[in-house]
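Structure at a glance
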Amino acid sequence: MVIYEQYQMIESEWNKEKEFYFTYQIQDLESLYDLSIEVRNNNWYPYQNLWLFCAEEQPVGPISRDTIECMLADDYGKWKGKGITIFHLSIPIRTNYKFEHKGQYTFNIRHGMRDDDLKGIEEIGLRLKKQKMDD
C-alpha cells in the first residue's frame, strides 16, 4: 500500500543549487516499508547516469546524507525507465525497512552532476510503500 507518493516538476533545467523536499509522516513502527526515488527523464537527458545528493531529517537524531547513482540508461543508450517520450524509473533506496521513530521525516534531493543546469529531467519524486503483513 502506497502511503506517500509525491512528484515535483523541474522547469526546463535543474539548477545544481535547487533542492526538492519531500515530507511524510510515520506512525506505524511495526510495518516494513520500501522507499524509492522516482525519476522521469526525456530523450534530451545527455547522460547514462544521474548522481543525487540526498539528505533525510528524522524526528530524532542527526540528518543522514547519502550519494546515490541512478542508472537511467544501459550501455547502449536505451532508457531503463518505462515510457515513450518521458521515461519513468523507480530507484529503490530502502527495502524491508523498519522506521525507528514516529513523526515527521523530510527527505531532500539535489543533483550531483557536473552541469550547473541539467537538461532532460522532467520530474523527481519520492514513493513510500508499506508492505502487506502476512497473516
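Structure first, text after, so check above.
Residues numbered from 1 in each chain as written. Predicted model: local features only at pLDDT ≥ 70, side-chain atom pairs only at ≥ 80, totals over all residues. Heavy atoms only, no water.

1. Some thoughts on the packing of aromatic side chains
In this description, an aromatic ring pair is defined by two values, namely the gap between the centres and the angle between the planes. For the coordinates displayed, the defined rule picks out 10 aromatic pairs. Relative to Tyr 24, the ring of Tyr 4 has its centre 5.6 Å away and its plane inclined at 45°; by these criteria the two rings are tilted. In this pair, Tyr 4 is assigned in strand S1 (residues 2-9) and Tyr 24 in strand S3 (residues 20-26), connecting sequence segments 20 residues apart. As far as the burial class goes, Tyr 4 and Tyr 24 line up, both buried. An angle of 55° between the planes, with centres 6.3 Å apart, marks the rings of Tyr 45 and Trp 79 as tilted. You can see Tyr 45 sitting in the loop between strand S4 (33-42) and strand S5 (49-57) and its partner Trp 79 sitting in the loop between strand S6 (64-71) and strand S7 (86-97), a full 34 residues away along the chain. The pair Tyr 45 / Trp 79 is uniform in exposure class, with both members buried. Here the aromatic residues Tyr 4, Tyr 24, Tyr 33, Tyr 97, Phe 99 and Tyr 105 are joined through ring pairs into a cluster of three or more. The ring of Tyr 97 has Arg 94 sitting right over it, with the charged end atom 4.4 Å from the ring centre. (Phe/Tyr/Trp six-rings, centres within 6.5 Å; stacked < 30°, edge-to-face > 60°. Helix = DSSP H or I, 4+ residues; strand = E, 2+ residues; numbered from the N terminus. Buried < 20%, exposed > 50% of the residue type's maximum accessible area, 1.4 Å probe, protein only. Lys NZ or Arg CZ within 6 Å of the ring centre and 35° of its normal.)

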